[in-house]
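# Structure at a glance
What follows is each chain in one-letter form.
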Amino acid sequence: SGGGASLPSGALVTRLHNKFCKFQVQAKQIHDRVEATQMPVDSGLAEDVLQHYSCGVAEALRMARDELRKGKWDIDSSIRAEHDTLCVCLALWELVHELAVSSAPSAARLVHWYNRHYLEEEIAEWWQTASHLAEGRDALEPDSGLWEPLVRLALADCHSEVLTLLRRASASGFAGNSQVTRVCEFLRKIRSLLQMEQAHTSKVDFHRDVAEVQSMAKRLLADSPAEHPTRQLLEVYAGCPQRAFEANEDIAAKLGRTWVEDMAYAHAWVFPELRKTELGDLLRAVAQRRTSETIDDLDRVLFAVFTLDIPSLLRLLDSMPDRFPPFFVTHLVDVLYFAGRVPLVVESQGKALVPPRDWHLMEYAKELGVGSRAHKRLAIDYLRSGGCDEVAKQLEEAADEYCVTAASEAEMDEAVALLVDLDLAADLGPKQCRRRASALRASGDLPGCLRWACQAEQYSLPARGYHVSEMLDSIAESVQELDDLLSVLTPHSSDEPLTRYPPESLVAVLSPSGALPVLVPSGRLYFFVQYARCRALKLEGRPASEWAPCLVGLLTSGSAGPAALARRVVEDELLPVLAEEPPALSTEDALLLMRYVQGLQSDPFARVRLTVPPEKLHQAMGLCLSRSVLRKPMAADPAARGAGLPSWAGLAPMTGLMA
C-alpha cells in the first residue's frame, strides 16, 4: 500500500477498529472452543460471524459516505475526493462480499449491487419519467415513451414499481387492453428476484422459483401479439437459451450499455443458476462481445473479483493507494483471509515471506502509528492479531512508542496495563517504567519517580532492587533532592509502629489507588523509609528511646544506606542523643553501634567518612553504654539477650539486602 494515502475521518477509523476487534474476539472464541472440544467448527456459526463482520464494515463505509454528503462535499474538493474514494471502496467491498464471502445466490444480489452503485440516480429518473407518462391516455400506445423506462426498471428488478406503473397506465388509458391486463396479472403472481432469494434458505428453491417465472413468461410471450410493446418487457422475465446468448440476442446484449451492466443483467435474467465460480466464464463471454469498450484499472479490479482471482486483486489494490487506501485494503484482506481466500503461509524459493494479511496489518499500523496517540493505540490492536515474527517485532516497537507518548499518570498506567495484556511486560515494562521515573525526577516529581522506579522491578524477572537502590543513591547525592525525598516518605501520622513495614505512607506513594503494592527488595528503600519515619518522631519531640534504636538497627542489620546518609544518621541523629538521660539506647543497641563505628574506622575502603573526632564519638557511646548497663544489666544468656528486644534490634525485614 502506498504511504501517501491519508487516513479517513476519525469516526470511520474508530468504527472500523471496533468492527475489527469484535470479530477478532469472536474468531478467537470459536478457535478456542474447537481446540477445547476437538470438534470441527460449526460452519454455519462461523459463516454468520464472518458475514456480520463484513456487513458491519460496509455499514461503516456507508455511514462515512453519507455523513460527507451532509457537508460541503459538493464544493470542497478534498471532501469530494474523500467522498468519491468511499463510494468506490464501498462498491468494491459489497461486490467482494456477495461473490467471495456470502453463500447466498448471486443473481439478484449482483443486479441490486449494480443498482446501488451505478443506477441510483437513473432509477429515480426512470421512475419519475414513467410516472408522468403513465398518466396520459396514450401511455400504452406502441410508440409511447413509457415502455423504455418500464423495461429499464424491470431489468433493475424493480418489480413492484413496474406493476404499479402498468396498473396506473391501464387506469388512465384504454381499459380494453387485454394484453396489458394479462401482463399485470403475471406480475402480480410473481416476485422480484431479490424477494425470491430472501424467501428461501437454499439455492435449489431459488432456482426452482426462477425457472417457474421464466416458464410463465415464455408462455405469455408466445401468446402475445408480434408487435405488442409488452413483448420486450416479457423478454426480461422469460430468459433465453444458450444459443440466443451466443448470438447476442439476449436482453442483456440488447439493452446493456456497458460490460458491467451486461454482466449483471446476463447473470440475473439469462443465467441466474450460475455458481459464483462460473462467473469468470460469463465475464469472458461478455468481454468477447464488447471488444470495442475501453477499460481502465477500476474495471480490471472488478474483473479480478468476478473471476475470484484474489492475488491479482490484491496487486491491483496495492497499486492504487489513492483509490483504495490501506485502511480499506487491510480490512478487505482480513475478511478474505477468514473466508479462506488468502493463504496462511507464503514462500518464495524455499524462503517464508510475510503472509498477505500480516503484511497489510503492518502497513496500516504504520499509517496509524504516525498519527495521534489514540491512533497509535489502534495500531497495536491490529498488530496483535497478526501471526508472523515480523508482526510481533513491529508490535513490540509500537507498544514501546505508545508508552513513550504517555503524558499523564493515567495514560502511563493504561500503557503499562497494555504491556501486561500483550505479554510484553517482562521485555518492555522495566525500561518504560524507569524512563518514566527519570522523566518525573527531572520535573521534580519525586513521589511519581519513586513509584515508577519501584514498579519497574515488578516486571523484572527475577525482581531485583538494585535499580531503585542506585536511583536512591543518586538522589542522596543532592541535598535538596534528599530533603524532598525524606519529606515524601515522612508519614502524616506517627501512630503507626516502626515495626510495621511497609507503612501506610509508603503504600500511598507507591500505590495511589490504595492497593498493597509489590514490595521492591531494596535495602536502600527500606533504609530511607525507616529513616524518614524516625525523623518524623524526632521532630514531634518523641523520646529518643522510641526511634534511636531503629536507626541503630538500620546501620547494623544489613539494610545499608548511602555513605553520606549513614554519616548523617550517626553524627546528626544519634550522637546528639547519646548523652541523654534516661539513655536512648539499650545495652545491646549501644554495643551494636560501637561495633558499627569501629567497623567504619577499620574499613580499608573508607566508604563512610565520619567528620566527628573519634574520641568524641567513643566518649558519647561509652557514656550511653554505661548508663544503659547501670539502668538494666545485660543478660548473661545469649538466648535471653534476644528476648523482649524490639524487632529493629534484631534482624530487620530487609536483612541481607546489601543493595
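Numbers given to residues run from 1 along each chain, matching the order in which its sequence is written. Totals for whole chains, interfaces and linings use all residues, but because this is a predicted model, local features are given only for residues with pLDDT of at least 70 and pairs of side-chain atoms are given and counted only at 80 or more. Side-chain metrics in this entry use all non-hydrogen atoms of the structure; hydrogen atoms and water are not considered.

## A short note on the overall build of the chain
The condition is simple: Under the scheme used here, helices are H or I runs from DSSP no shorter than 4 residues and strands are E runs no shorter than 2 residues, and both carry numbers assigned from the N terminus. As a reference, a globule follows 2.2 Å times the number of residues to the power 0.38, and the radius of gyration itself is taken over C-alpha atoms. Computed with the Shrake-Rupley method and a 1.4 Å probe, the accessible areas treat only the protein chains shown as cover for residues. Positive charges are assigned to Lys and Arg, negative charges to Asp and Glu, while His and the chain termini are left out of the count. Here the site of a charge means atom NZ of a Lys, CZ of an Arg, CG of an Asp or CD of a Glu.
Regarding its fold elements, the chain presents 33 helices and 2 strands. For 659 residues, the compact-globule formula gives about 26 Å, and the C-alpha radius of gyration of the chain, at 42 Å, lies well above that figure. Along the three orthogonal principal directions, the C-alpha set of the chain runs to about 135 × 55 × 45 Å. When the accessible surface of the chain is summed, it comes to about 31,200 Å², and 53% of that surface belongs to carbon and sulfur atoms. Each charge sign in the chain was given a centre, from 69 positive and 90 negative side chains, and these centres are 2 Å apart.

## Focus on a negative patch on the surface
Note the threshold: Each patch is built from salt-bridge-free residues with over 30% relative accessible area, joining like charges within 9 Å and nonpolar side chains (Val, Leu, Ile, Met, Phe, Trp, Tyr) within 5 Å. A pair is scored as a salt bridge if a Lys or Arg side-chain nitrogen falls within 4 Å of a carboxyl oxygen belonging to Asp or Glu. Relative accessibility under 20% of the residue-type maximum defines a buried residue, over 50% an exposed one, and the middle range a partly exposed one, all with a 1.4 Å probe and only protein chains included.
Taken together, the side chains of Glu396, Glu397, Asp423 and Asp427 present a region of like negative charge at the surface. Relative to the helices and strands, Glu396 resides in helix α21 (residues 389–404). Residue classification places Glu396 among the partly exposed residues on the basis of a relative accessible area of 31%.

## What about helix α15 (residues 279–288)?
As a reminder, the rule being used: Within this analysis, the arc is defined by the directions that extend from the helix axis to the C-beta atoms. Residue contacts are counted whenever heavy atoms from the two residues lie within 4.5 Å of one another.
Buried within α15 we find Leu279, Gly280, Leu282, Leu283 and Val286. One side of α15 holds all its buried residues, which, seen down the axis, span an arc of 155 degrees. Buried-residue contacts for α15 involve α3 (77–101), α4 (106–118), α12 (242–246), α14 (259–270) and α16 (297–306).

## What about the pattern of salt bridges?
The tally for this structure, following the rule as stated, stands at 49 salt bridges. One salt bridge in this structure joins Arg300 and Asp297, with 3.0 Å as the shortest N-O distance. Of this pair, Arg300 and Asp297 are both found in helix α16, 3 residues apart, which corresponds to roughly one turn of the helix. For Arg300, a relative accessible area of 36% puts it in the partly exposed group. According to the relative accessible area criterion, Asp297 is partly exposed, its value standing at 39%. In this structure, Glu414 engages Arg377 in a salt bridge whose closest nitrogen and oxygen atoms are separated by 3.5 Å. Here Glu414 is found in helix α22 (residues 409–421), whereas its partner Arg377 is found in helix α20 (residues 373–384), with 37 residues between them in sequence. Assessed through its relative accessible area of 31%, Glu414 is described here as partly exposed.

## Topic: the packing of aromatic side chains
This is how the line gets drawn: Note on aromatic contacts: the rings of Phe and Tyr and the six-membered ring of Trp form a pair at centre separations within 6.5 Å, being stacked when their planes are under 30 degrees apart, edge-to-face when over 60 apart, and tilted otherwise. For a ring to carry a charge above it, either NZ of a lysine or CZ of an arginine must fall within 6 Å of the ring centroid while also lying within 35 degrees of the normal to the ring plane.
Under the defined criterion, the tally for this structure stands at 16 aromatic pairs. When the centroid spacing of 5.9 Å and the interplanar angle of 35 degrees are considered together, the rings of Phe324 and Phe328 count as tilted. In this structure Phe328 comes out as buried when scored by relative accessible area, which is 2%. Measuring from ring centre to ring centre gives 4.9 Å for Tyr501 and Tyr526, while their planes differ by 70 degrees; the resulting arrangement is edge-to-face. Remark: Tyr526 occurs in helix α28 (residues 523–539) and Tyr501 occurs in the loop between α26 (479–489) and α27 (504–510); sequence separation between them is 25 residues. Taken as a pair, Tyr501 and Tyr526 share a single burial class, namely buried. Taken together, the ring pairs connect Phe23, Tyr53, Tyr337 and Phe338 into an aromatic cluster. Above the ring of Tyr531, the side-chain terminus of Arg535 is found at 5.9 Å from the ring centroid.

## Regarding the environment of Arg341
To be explicit about the condition: The definition of a polar contact used here is a pair of N or O atoms within 3.5 Å, where within protein one atom must be able to donate a hydrogen and the other to accept one, and adjacent residues in sequence count solely through side-chain atom pairs.
Of note, Arg341 is situated in the loop between α18 (326–338) and β1 (346–348). Considering only alpha carbons, one finds Arg341 and Leu255, 86 residues apart in sequence, at a separation of 34 Å. Within the structure, Arg341 has its side chain in polar contact with the backbone oxygen of Ala100 (distance 3.3 Å).

## Considering the confidence of the model for the chain
Going by this rule: Confidence of the predictor at the level of single residues is given by pLDDT, which spans 0 to 100.
Here the chain averages 89 in pLDDT, while 93% of its residues score no lower than 70. Scored below 50 in pLDDT, residues 1–5 makes 13 contacts in the model with residues more than four places away or belonging to other chains. Counted against residues more than four places away or in other chains, residues 636–659, with its pLDDT under 50, gives 42 contacts.

## Describing the nonpolar core
Short version of the rule: Side-chain atoms within 4.5 Å are what join buried Ala, Val, Leu, Ile, Met, Phe, Trp, Tyr and Cys residues into a set we call a nonpolar core.
Of all hydrophobic cores here, the largest spans 138 residues; its most connected members are Leu166, Tyr237 and Phe328. Among the elements that take part in this core, α3 stands out by supplying 11 residues, more than any other. Apart from residues lying up to four places away in sequence, Leu166 is in contact with Leu140, Trp147, Leu150, Val180, Val183, Cys184, Leu187 and Leu233. One finds Leu498, Val509, Ala548 and Tyr596 within the second-largest nonpolar core, a separate group that totals 69 residues.

## Some thoughts on α4
In plain terms, the rule: To estimate how far a helix should reach, multiply one less than its number of residues by 1.5 Å.
In this model α4 runs 17 Å from its N-terminal to its C-terminal C-alpha over 13 residues, within 8% of the 18 Å that 1.5 Å per residue would give. Listed as buried for α4 are Ser106, Ala107, Ala108, Leu110, Val111, His112, Trp113, Tyr114 and Asn115.

## Let's talk about the packing of helix α1 (residues 10–37) against α20
The condition that has to hold: Lines are fitted to the C-alpha atoms to define the axes, a helix being fitted only along its stretch in contact, and any angle between axes, read from their N-to-C directions, falls within 0 to 180 degrees. Any angle that is under 35 degrees is reported as roughly parallel, and any over 145 degrees as roughly antiparallel; angles of 65 to 115 degrees are reported as roughly perpendicular and all others as oblique. Definitions for this section: a left-handed crossing has its near helix turned counterclockwise from the far helix by less than a right angle. A right-handed crossing has that turn clockwise. All residues other than Ala, Val, Leu, Ile, Met, Phe, Trp, Tyr, Cys, Pro, Asp, Glu, Lys and Arg, Gly among them, are scored as polar; the first ten of these are nonpolar and the last four charged.
Running from N to C, α1 and α20 cross one another at 25 degrees; their axes reach a closest spacing of 11 Å. Here α20 runs roughly parallel to α1, going by the angle between their axes. Crossing of α1 over α20 shows left-handed handedness. From α1, Val13, Leu16, His17, Phe20 and Cys21 reach across to α20, where they touch His375, Leu378, Asp381 and Tyr382. When its residues are assigned to classes, the contact of α1 with α20 shows 6 nonpolar, 2 polar and 1 charged.

## Looking at the environment of Leu298
Topologically, Leu298 is positioned in helix α16. Taking C-alpha positions, Leu298 is 9.3 Å from Leu317, a pair spaced 19 residues apart along the chain. Not counting chain neighbours up to four residues away, the residues in contact with Leu298 comprise Val88, Arg323 and Phe324.

## A closer look at unusual backbone geometry
Looking along the chain, the bond that leaves Tyr501 and enters Pro502 is cis, with omega of 5 degrees. Mapped onto the elements, Pro502 comes out in the loop between α26 and α27. Of note, the amide linkage connecting Glu581 to Pro582 takes the cis form, showing an omega dihedral of 0 degrees. Position of Pro582 among the secondary structure elements: in the loop between α30 (563–574) and α31 (587–601). In the Ramachandran plot, Gln38 falls in the positive-phi region, its phi being about 55 degrees despite a non-glycine side chain. Overall, the relative accessible area of 62% leaves Gln38 in the exposed class.

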